Amino acid sequence: MSTGPRMSTIDSSGHSMSLSRKISWMLISLFIVMGVALAFIVRFATVQYNLEITQRLNGSIAMYVAAEEQLIQNGVHNEDAIKRLAARAMVINPTVEVYLLDKQGHILSHNIPPEALLQKQIPLQGVREFLQPDSARPLLNLDPRNPNSSKAFSAAEVRFNDQLEGYVYAILGGKTYELLVKDISQNYILQIALASIVALLMLSFIVGWLMVRTLTKPLKKLTQDVVRFQNQITGRKETSSRKRNKSKGDEIMVLSQSFAEMKNKIEQQMNQIKAADQNRRDLISNVSHDLRTPLASIQGYLDTLVIKKDRLSEEDKQQFMATASKHCQRLNQLVSDLFELSKLDSLAIKPEYEVFSMAELMQDVSMEFKHLCEANDITLEVKVPDTHCLVSADIGLMQRVLENLISNAVKHTEPKGQVTIMLSLKEESYHMIIRDTGCGISEQELPHIFDRLYRAENSATSAKNSSGLGLAIVKKIIDLHSSRIKVTSHLGKGTVFSFELPVVSEPAMAS
């Protein structure tokens, strides 16, 4: 962005201008340019007017001088006569300077000091044009005392025996006239002009400011309303309009940026709504399928008990009831997980942060799976430091994460396998790792394991009773804690899940 003298969106203090200030400065600049241009036009017109008046009033001076006496006779000029007649002309008009020219325009005589004459010959084209009866006015020609300027003049032919002998050439505004005009300009006209320009600028500034303020007030109000609505959509805190204009620019720029930001935000929300709607459809389809299976099994076993209750042994009845109860538990687990996931999706569950020992929590949760691992001949190993390993998180949600990850690892690990739970310090964070030696996950399926109701094709048979929502719940909880769940896996070698939580110092727990 340029910082030159031309108008820009940045003022001298480095802050962006508001629209009203920009327009005000543009109006002032326009008035200044128009004022300067008008001054030049008026000055030019005034000069031309004065020249024409001067030439029309004094245009016959040269004719009177030429008619008074014979100034040139057979190529010889009368020096005394020209001096005498020039002096008479100056009595009539003190600013007149009279020259006697030959037929080629050479100066033969004049009434000014000899040392003041700079030009020896006068161009005759203007003189001949002046002598035409229908010539336009004003006509300007060379001033012998100032070769760089042209002035109003008067001219007349000098004849003898009806033969052209030369010309009388009179400058109507000579040196005396120039000094007089300059003196008047410095002492009076200039002061009036400067005062008029200052008054005009002040008046134009006041009128322009009031006009711009009136015109931009609705736009400013609209900008404030749009920005307020934008803050509601984006969740941004309110900022003052002055601070906002300094950071973004004028009202039009703020409107443009706000519109673009809201457009992106609304498009993002629309995509999220579409994705959520598709997920809802998929979830309903998958849930209906998963609910149908246990419900059908429960209904089948109960119908069998009702129909064949007299023909079934007591042992068969107990087995049927146990199987129905097992399907009821799975159904209850699926409904419970769906309810928990829906609350996480709607942000109804918010983490209640507290400082606790992550090492102790990992030890406690691992004890819940000790008997299950022993029953399946799986080695469960816990590696945590001896220190407190303090973190700030929701202890209930972190327990749910560990339970889901360890349960998932145990279900997908074959007998003689191993599940390892590790906690280590990594820079300013604690690194939680759950590793198993199970069947692993293929690269094609790895990006989808956190999707709802997704089960990898190579899942262990023991995982068939899973709701398929455990990892989705884990990801939601980790996201709520501003962390990220990572996973690496190799088919036939096992899977590793990990996430991080920031370190909390000892004094924080004491407080």
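Residues numbered from 1 in each chain as written. Predicted model: local features only at pLDDT ≥ 70, side-chain atom pairs only at ≥ 80, totals over all residues. Heavy atoms only, no water.

### Here we look at the overall build of the chain
Stage number 1. Of regular secondary structure, the chain possesses 13 helices and 14 strands.
Stage number 2. Out of the 511 residues belonging to the chain, those deemed buried represent 38%.
Stage number 3. Contacts in the chain between residues far apart in sequence, at least 24 positions, make up 66% of those at least 6 positions apart.
Stage number 4. For the chain, the exposed area adds up to about 30900 Å²; of that, 57% sits on carbon and sulfur atoms. (Helix = DSSP H or I, 4+ residues; strand = E, 2+ residues; numbered from the N terminus. Buried < 20%, exposed > 50% of the residue type's maximum accessible area, 1.4 Å probe, protein only. Contact = heavy atoms within 4.5 Å. Areas by Shrake-Rupley, 256 points an atom, 1.4 Å probe, with all protein chains shown as cover.)

### Topic: the sheet that holds strand β9 (residues 379-383)
Stage number 1. A sheet is described by the order of its strands in space; here 5 strands give the open sequence β9-β11-β12-β14-β13, paired in mixed fashion. With one partner strand each, in any of the chains shown, β9 and β13 (486-490) form the two edges of the open sheet. Neighbouring strand axes in the sheet, compared pairwise and without regard to direction, differ in orientation by 15° on average.
Stage number 2. Two strands pair when backbone bridges link them, and β13 and strand β14 (residues 494-502) are joined in this way by 5 bridges, in the antiparallel orientation. The residue bridging threonine 488 from the neighbouring strand is valine 496, located in β14. (Pairing = 2+ DSSP bridges. Axes fitted to C-alpha atoms, helices over the stretch in contact; angles between N-to-C directions.)

### Here's the deal with the sheet that holds strand β7 (residues 163-171)
Stage number 1. Across the sheet, which stays open at both edges, the 5 strands sit in the order β4-β3-β7-β6-β5 with antiparallel pairing between neighbours. Of all strands in the sheet, those with a lone pairing partner are β4 (107-110) and β5 (140-143), marking the two edges. Neighbour-to-neighbour, the strand axes of the sheet open up by a mean angle of 40°, direction not taken into account.
Stage number 2. Examined bridge by bridge, strand β6 (residues 146-160) and β7 share 8 bridges and lie antiparallel to one another. Note on β7: the bridge partner recorded for phenylalanine 153 is isoleucine 171.
Stage number 3. Packed on one face of the sheet, helix α2 (residues 61-68) meets β6 and β7 and runs near 35° to β6.

### What to know about the side chain of threonine 420
Stage number 1. Following the sequence through the fold, threonine 420 ends up in strand β11 (residues 418-426).
Stage number 2. At 3.2 Å, the side chain of threonine 420 and the side chain of glutamine 418 are in polar contact.
Stage number 3. Sequence-distant contacts of threonine 420, defined by excluding residues within four places in its chain, comprise Glu381, Lys383, Ile433, Ile434 and Arg435. (Polar contact = N/O pair within 3.5 Å; in protein donor to acceptor, adjacent residues only side chain to side chain.)

### A short note on helix α9 (residues 358-368)
Stage number 1. Within α9 the residues assigned to the buried category are Met358, Ala359, Leu361, Met362, Val365 and Ser366. For α9, the buried positions fall inside an angular range of 160° around the axis, keeping them on one side. (Arc of directions from axis to C-beta.)

### Notes on the pattern of salt bridges
Stage number 1. Overall, the coordinates contain 10 salt bridges when judged by the stated rule.
Stage number 2. Close ionic contact of lysine 151 with aspartate 143 constitutes a salt bridge, the shortest N to O distance being 2.9 Å. Of the two residues examined, lysine 151 and aspartate 143, each falls in the buried class.
Stage number 3. Across the pair glutamate 157 and arginine 159 runs a salt bridge whose closest N-O atoms are separated by 2.8 Å. (Salt bridge = Lys/Arg side-chain N within 4 Å of Asp/Glu carboxyl O.)

### Topic: the packing of aromatic side chains
Stage number 1. Under the counting rule described, the total for this entry stands at 4 aromatic pairs.
Stage number 2. Both rings, one in phenylalanine 130 and one in phenylalanine 153, keep their centres 5.2 Å apart while their planes meet at 45°; by these two values the pair is tilted. Of this pair, phenylalanine 130 sits in helix α4 (residues 125-131) while phenylalanine 153 sits in strand β6; the two residues are 23 residues apart in sequence, bridging distant segments of the chain.
Stage number 3. On the accessibility criterion, phenylalanine 153 (0% relative accessible area) is buried.
Stage number 4. Following the ring pairs from residue to residue traces out a cluster consisting of Tyr99, Phe130, Phe153 and Tyr169. (Phe/Tyr/Trp six-rings, centres within 6.5 Å; stacked < 30°, edge-to-face > 60°.)

### A few points about the side chain of histidine 431
Stage number 1. Looking at the element boundaries, histidine 431 is found in strand β12 (residues 429-436).
Stage number 2. For histidine 431, the side chain forms a polar contact with the side chain of glutamate 500, separated by 3.5 Å.
Stage number 3. Among residues more than four places away in sequence, those in contact with histidine 431 are Met422, Leu423, Ser424, Lys426, Ser498, Phe499 and Glu500.

### Things to note about the pairing of β7
Stage number 1. Counting buried residues in β7 gives 7 out of 9 residues, a clear majority hidden from the surface.
Stage number 2. In the sheet, strand β3 (residues 97-102) pairs with β7 via 6 bridges, with the strands oriented antiparallel. Residue tyrosine 99 lies in a different strand from β7, and its bridge partner there is tyrosine 169.
Stage number 3. With antiparallel pairing between neighbouring strands as the criterion, β6 and β7 make up a hairpin whose turn holds 2 residues, including asparagine 161 at a positive phi of roughly 55°.

### Here we look at α2
Stage number 1. Considered for burial, the residues of α2 that qualify are Ile61, Ala62, Val65 and Ala66. Across the axial projection of α2, the buried residues extend over an arc of 130°, all falling on one side. Exposed residues on α2 whose side chains face more than 90 degrees from its buried face are Tyr64 and Ala67.

### Quick word on the nonpolar core
Stage number 1. Counting 46 residues, the largest nonpolar core has Met358, Met398, Leu405, Leu423 and Phe499 as the members making the most contacts within it.
Stage number 2. Elements with a contribution of two residues or more to this core: α8 (314-345), α9, β10 (390-393), α11 (395-411), β11, β12, α12 (470-480) and β14.
Stage number 3. With 8 residues, α11 is the largest single contributor of residues to this core.
Stage number 4. Counting residues in hydrophobic clusters, the runner-up holds 21 residues, among them Ile72, Ile82, Ala156 and Leu172. (Core = buried A, V, L, I, M, F, W, Y, C linked by side-chain atoms within 4.5 Å.)

### Details of the packing of α9 against α11
Stage number 1. Where α9 meets α11, the axes come as close as 10 Å, and the angle between the chain directions of the two elements is 45°. The angle between α9 and α11 places the two elements in the oblique class. Note on packing geometry: the crossing formed by α9 with α11 is right-handed. Taking contact as the criterion, the partners of Met358, Leu361, Met362, Val365 and Glu368 in α9 are, on α11, Ile395, Met398, Gln399, Leu402, Glu403 and Ile406.
Stage number 2. Looking at the contact of α9 with α11 residue by residue, the class counts come to 8 nonpolar, 1 polar and 2 charged. (Parallel < 35°, antiparallel > 145°, perpendicular 65-115°, else oblique. Left-handed = near helix turned anticlockwise from the far one by under 90°. Nonpolar A, V, L, I, M, F, W, Y, C, P; charged D, E, K, R; others polar.)

### Quick word on a nonpolar patch on the surface
Stage number 1. Taken together, the side chains of Phe205, Ile206, Trp209 and Leu210 make up a nonpolar region of the molecular surface, amounting to roughly 390 Å² of accessible area.
Stage number 2. With respect to the element layout, tryptophan 209 can be found in helix α5 (residues 175-234). (Patch = residues over 30% accessible without salt bridge, like charges linked within 9 Å, V, L, I, M, F, W, Y side chains within 5 Å.)

### Some details on the environment of glutamine 119
Stage number 1. With respect to the helices and strands, glutamine 119 occurs in the loop between β4 and α4.
Stage number 2. Judged by its relative accessible area of 25%, glutamine 119 falls in the partly exposed class.
Stage number 3. Aside from chain neighbours lying at most four places away, what touches glutamine 119 is Ile107, Leu142, Pro144 and Pro147.

### Some words on unusual backbone geometry
Stage number 1. Of note, lysine 416 is a non-glycine position whose phi angle comes to about 75°, a positive value.
Stage number 2. Inspection of the secondary structure puts lysine 416 in the loop between α11 and β11.
Stage number 3. Taking the relative accessible area as the measure of exposure, lysine 416 reaches 71% and is therefore exposed.
Stage number 4. Despite not being glycine, glutamate 427 has its phi angle at roughly 55°, a positive value.
Stage number 5. Relative to the helices and strands, glutamate 427 resides in the loop between β11 and β12.
Stage number 6. Judged by its relative accessible area of 73%, glutamate 427 is exposed.

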